Amino acid sequence: MEQSDNNKPEQKKTDEGTVDRRSFIKAAAATGAALATGAQSLNAQVSGGIAAGVAEEVEIVSDGKHGSDFMMDVMKQMDFEFMTINTHSDSAGLQESVINYMGNVNPELITGLHEEVCVAMGHGYFKIEGKPLAALIYGSVGLQHAAMAVYSAFCDRVPVYILLGNQRNNPNSRSVQDAPAMVRDFTKWDDSPLTLDHFAKSAVRAYSVAMTTPTMPVVLSVDKKLQEMIVPKGEKLRIPKYTPNAPPAGDPNAVRELAKMLVDAEFPVLGVERAARSQAGLEYIVELAELLQAGVVDTIQRMNFPSRHPLLQEPGIFRQADLVLALEMPMLSHTRLKEGAKLASISSFDLFTRSNYWHFGNYQESDFSIAADVEATLPSLIEEVRRQLPRSKRSAVRVRGEKFAEINRQNRERDKAFAANGWNTSPLNTARVAAELWEQIKHKDWSLVSRSDGMSDWAWKLWDFNKYYHHIGQSGSVGVGYSNPASVGAALANRKHGRLCINLQNDGDFMFLPSTLWTAAHHKIPMLTVMHNNRAYNQEIMLISRMAALRDRDVSRCTIGSEINNPAIDFAGMARSMGWYAEGPIEHPSDLPGAIKRAIAAVESGQPALLDTITHPN
Amino acid sequence: MNNKKTPWLIFNLVTLLLLTGIQVVQAQTAEERGKQAIVTYMCYGCHGFTADGGQTDVAPRINVDRLSVEAMMAYTRNPGGRMPPYRTEEQIPDQALRDIYAYLKSLPPSPKWQDIPLLND
Ligand SMILES: Cc1ncc(C[n+]2csc(CCOP(=O)(O)OP(=O)(O)O)c2C)c(N)n1
Ligand SMILES: [Mg+2]
């Protein structure tokens with residue numbers, strides 16, 4: 001199977017930094033659909049009378065087929081590598097079909113001990129794999145558990161293909177009239193099919209909708225009776241043809257105009273949020289930035305831009321720009337720009353959204369706006385900028401590039417000076433933890449499968465992130481409890497590539513779904529979890545202390561309700577009890593290198609490993 | 001045992017305990033008290049246990065080499081930026097602030113980043 005993600009399409013470089021125009025356009029056009037939708041993998045997998053390119057409609061004549069076997073026939077073409085499951089009676093038909101009809105292969109069942117784990121694993125998995133996994137959960141009680149993970153995926157523009165077992169002809173406490181209703185405010189599409197034919201059409205549509213920009217979770221409620229029915233012999237069933245959508249690319253005239261704005265700008269800055277969705281996207285952003293010698297500010301919701309690139313800037317630089325181009329960054333506001341500066345945007349946000357949850361923030365008052373998929377639009381924008389950039393501007397472009405590089409150098413030195421403060425202290429300095437880890441992973445093929453905004457961003461500041469799979473970005477919703485299971489999902493996607501997965505794990509987030517440990521051990525998902533154990537919900541402690549101080553009241557009591565101490569949690573013991581290699585608590589910096597070495601050895605032998613590192617709060 | 005003597009014995013024992021107790025308290029150095037005060041008064045939540053600075057954009061290092069004890073105390077009572085104001089003696093006594101200062105002064109200086117191989121890769 002060809003990897004649809006993470007592989008930049010062939011581009012013929014004619015010399016440093018330039019691309020042969022014709023091959024460039026060809027490559028850009030070719031990537032469009034495939035990279036956006038994971039279509040390559042989908043098409044490559046469909047067999048049995050299905051042509052390469054798009055899946056053809058297939059007719060099946062029943063020989064007394066079980067309904068759920070047919071459902072799997074339909075889902076086969078979506079090539080789900082995994083299906084997370086928390087078992088329940090209303091999906092017994094489907095589960096049995098996966099086990100015996102599919103042989104537990106494509107999809108392979110992954111046992112989650114909580115439905116939030118099942119969906120959040122799908123979230124992390126997509127951010128490495130570029131295609132969704134399926135999650136099979138109980139439509140009533142199970143979906144209630146899963147809800148926050150669905151919301152996080154929605155906010156993060158991540159498709160998870162959610163199947164709900166339900167029973168509509170037998171009202172009881174676990175059956176529900178309209179199962180997907182509970183998450184309709186934060187999913188893109190859902191259906192509750194009434195017949196197998198209806199299921200087939202909706203199953204393919206759900207995949208298509210989920211994978212079209214803006215990508216999002218979808219839900220199918222699958223009735224128990226439908227799963228368990230026997231299709232009468234001789235009855236014909238159809239698997240509808242699936243045609244992946246090419247992603248919406250920016251209107252050529254608008255792209256031309258935007259290129260002119262960029263070329264004319266004195267000090268342009270790119271703001272990037274969920275801009276790249278593959279290695280190709282990352283490389284396009286680098287190419288555009290280098291072509292213009294524009295600064296780049298990254299909120300790191302995706303692995304958009306290399307962490308050590310000299311054009312990487314901090315948000316304060318927006319104030320110096322005369323033009324900011326926001327790439328899938330719909331909340332960047334004019335108030336962060338200097339007066340008179342222009343704000344342009346390419347974003348898919350307005351192509352689809354929901355209204356009830358205010359994840360969208362304030363309306364972005366941009367001066368020029370293209371509603372499109374960023375990655376699909378960048379090739380033509382790069383091409384236009386290259387065409388329009390006059391020779392006479394070259395030296396000015398070079399000079400501003402040097403200015404950005406100098407700012408970047410100063411920022412990095414300042415960070416290193418911060419990192420050195422308290423270098424030898426106990427509990428551990430979080431910069432020290434990140435640096436000690438980097439020392440031992442930097443020559444390996446690694447992937448940070450957690451958020452990078454914990455531990456005061458030290459991993460992002462000190463490590464050399466330059467590949468799309470180096471980082472899965474942040475959580476989307478900022479809902480605590482996302483990180484632990486999402487990291488296991490991302491590690492699951494990385495497993496076949498043999499990448500060393502690192503999870504920097506906050507203690508508070510961890511304790512929402514500690515059973516995730518068991519899932520990783522049971523399914524032999526190797527990864528190294530390093531605790532940011534400050535024995536607290538420290539973000540909240542900071543806020544509450546501040547509140548007390550502002551009210552001239554007792555600050556010393558403000559751990560009440562926010563500490564995770566007394567008793568201190570034994571994370572290493574907990575991990576060992578669920579099949580992990582674990583060490584800790586580790587409080588002294590001199591104990592770190594040996595512990596990291598032993599833990600990596602365990603991971604490289606196929607076992608997940610945890611280090612309980614006791615740290616400063618931030 | 002003489003019953004009349006019992007109250008005296010208890011009185012003496014209590015006095016002894018109190019005195020040794022007080023002595024123990026007094027035996028604690030300003031540095032030791034300061035280390036505890038950083039936790040008690042929640043400074044650590046933002047600045048870290050050794051006040052080396054928390055998140056770079058949240059709380060800076062308290063640099064006692066550049067800051068006098070008076071300046072640190074004055075700033076704590078009436079800070080700028082996002083630092084919460086500890087305006088009253090009830091919120092943090094002057095003595096605790098002096099102890100914290102003494103503790104921070106007593107800490108060995110951090111190495112320079114240029115001298116740390118891990119920060120020069
Ligand atoms: C589901 C959910 N509940 C509560 C919160 C509020 N909240 C924001 S940060 C935080 C603390 C998180 O603790 P931890 O993961 O240990 O990170 P730390 O603050 O200690 O760095 C909480 C509870 C939230 N964001 N999401
Ligand atoms: Mg914590």
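Cut-offs used in this document
- Residues numbered from 1 in each chain as written.
- Chains lettered and ligands numbered in written order.
- Predicted model: local features only at pLDDT ≥ 70, side-chain atom pairs only at ≥ 80, totals over all residues.
- Heavy atoms only, no water.
- 1 Å grid on protein atoms, 1.4 Å probe; cavity = no way out; pocket = protein on both sides within 12 Å on 5 of 7 lines; lining within 4 Å.
- Points joined across faces, edges and corners; volume = space filled by probe spheres on them.
- Nonpolar A, V, L, I, M, F, W, Y, C, P; charged D, E, K, R; others polar.
- Domains from an automatic or database assignment.
- Core = buried A, V, L, I, M, F, W, Y, C linked by side-chain atoms within 4.5 Å.
- Buried < 20%, exposed > 50% of the residue type's maximum accessible area, 1.4 Å probe, protein only.
- Contact = heavy atoms within 4.5 Å.
- Helix = DSSP H or I, 4+ residues; strand = E, 2+ residues; numbered from the N terminus.
- Pairing = 2+ DSSP bridges.
- pLDDT = per-residue confidence, 0-100.
- Axes fitted to C-alpha atoms, helices over the stretch in contact; angles between N-to-C directions.
- Parallel < 35°, antiparallel > 145°, perpendicular 65-115°, else oblique.
- Buried area = accessible area lost by both parts, 1.4 Å probe.
- Salt bridge = Lys/Arg side-chain N within 4 Å of Asp/Glu carboxyl O.
- Polar contact = N/O pair within 3.5 Å; in protein donor to acceptor, adjacent residues only side chain to side chain.
- Near = heavy atom within 4 Å.
- Areas by Shrake-Rupley, 256 points an atom, 1.4 Å probe, with all protein chains shown as cover.
- Left-handed = near helix turned anticlockwise from the far one by under 90°.

Observations concerning empty space enclosed by the protein
Residue and element names in this part refer to chain A. Going through the model one piece at a time under the given rule, you end up with 4 cavities of 30 Å³ or more. Every residue lining the largest cavity is counted, 16 residues in all, and those nearest its centre are Arg157, Thr215, Arg274, Arg277 and Asp373. Its residues assigned to classes, the lining of the largest cavity comprises 6 nonpolar, 3 polar and 7 charged. Composition of the lining of the largest cavity by domain shows at least three residues from each of domain 1 (4–239) and domain 2 (252–412).

Notes on the nonpolar core
Residues and elements named next belong to chain A. In terms of nonpolar packing, the biggest core is built from 96 residues, with Leu325, Leu381, Trp463 and Leu528 touching the most fellow members. Per-domain counts for this core show at least three residues from each of domain 2 (252–412) and domain 3 (421–533 + 569–613). Residue contacts for Leu528: discarding those within four places in its chain leaves Leu437, Cys501, Ile502, Asn503, Ala599, Ile600, Val603, Ala609 and Leu611. Ranked by size, the runner-up nonpolar core spans 60 residues in total, among them Phe154, Val158, Phe199 and Ala206.

Notes on the pairing of strand S9 (residues 218–223) of chain A
All names here are of chain A. For S9, the buried fraction is high: 6 of the 6 residues fall into the buried class. On S9, burial covers both faces: Val218, Leu220 and Val222 on one face and Val219, Ser221 and Asp223 on the other are all buried. Pairing between strand S7 (residues 161–166) and S9: 6 bridges, direction parallel. The partner of Leu164 across the bridge, within S9, is Ser221. For strand S8 (residues 189–191) and S9, the ladder comprises 3 bridges, and the chain directions are parallel.

Concerning the confidence of the model for chain B
Low pLDDT marks stretches whose predicted atomic positions should not be read closely. Per-residue confidence for chain B gives a mean pLDDT of 85; residues scoring 70 or more make up 75%. Per the prediction output, this complex has pTM 0.90; the corresponding ipTM is 0.86.

A closer look at the layout of surface pockets
The space that makes up the second largest pocket amounts to roughly 650 Å³. Lining the second largest pocket are 30 residues; nearest its centre among them are B:Asp52, B:Leu107, B:Pro108, B:Pro109 and B:Ser110. Among the secondary structure elements, those contributing two or more residues to the lining of the second largest pocket are helix H12 (394–420) of chain A together with helix H2 (30–40) and helix H5 (94–106) of chain B. Of the residues forming the lining of the second largest pocket, the biggest block, 3 residues, is contributed by H5(B). Of the residues that constitute the lining of the second largest pocket, the class distribution is 16 nonpolar, 8 polar and 6 charged.

A short note on the packing of H2(B) against H5(B)
When two helices pack together, you describe them by how their axes are tilted relative to each other and by the distance separating the axes. Residue and element names in this part refer to chain B. The geometry of H2 relative to H5 is characterised by a closest axis approach of 7 Å and an angle of 105° between their N-to-C directions. In terms of axis orientation, H2 runs roughly perpendicular to H5. Contacts from Ala30, Glu31, Arg33, Gly34, Lys35, Ala37 and Ile38 of H2 reach H5 at Gln95, Ala96, Asp99, Ile100, Ala102, Tyr103, Leu104 and Ser106. When its residues are assigned to classes, the contact of H2 with H5 shows 8 nonpolar, 3 polar and 4 charged.

What to know about the interface of chain B and chain A
Counting residues at the interface gives 30 residues for chain B and 41 residues for chain A. Approximately 3,000 Å² of surface area, both sides summed, lies buried where chain B meets chain A, with 63% of it carried by carbon and sulfur atoms. Put simply, B:Asp121 and A:Arg308 hold a salt bridge, and the shortest N to O gap is 3.2 Å. Our count for the contact surface shared by chain B and chain A stands at 13 residue pairs in polar contact (both at pLDDT 80 or more). Here the side of chain B that touches chain A gets 3 residues from one element, more than from any other, and that element is helix H3 (residues 44–47) of chain B.

Brief notes about the site of ligand 1
All names here are of chain A. In the vicinity of ligand 1 lie 14 residues, with Asp507, Gly508, Asn534, Ala536 and Gln539 positioned nearest. Between Gln539 and ligand 1, the recorded distance is 2.8 Å, taken from a backbone N or O atom to an oxygen atom. Relative to its free-state accessible area of 580 Å², ligand 1 is covered by the protein chains to the extent of 74%. Those elements that place two or more of their residues in the shell around ligand 1 are helix H16 (507–510) and helix H18 (538–550). Grouping the constituent residues of the shell around ligand 1 by class yields 5 nonpolar, 6 polar and 3 charged.

Description of the packing of helix H5 (residues 115–129) of chain A against helix H6 (residues 141–155) of chain A
Residue and element names in this part refer to chain A. Interhelical geometry of H5 versus H6 gives an angle of 25° and a closest axis separation of 7 Å. Judged by the inter-axis angle, H5 sits roughly parallel to H6. Helix-helix and strand crossings are classified by hand; for H5 and H6 the assignment is right-handed. Mapping the contact onto sequence places Glu115, Glu116, Val119, Ala120 and His123 in H5 and Gly142, His145, Ala146, Met148, Ala149, Val150, Ser152 and Ala153 in H6. Broken down by class, the residue content of the contact of H5 with H6 amounts to 7 nonpolar, 4 polar and 2 charged.

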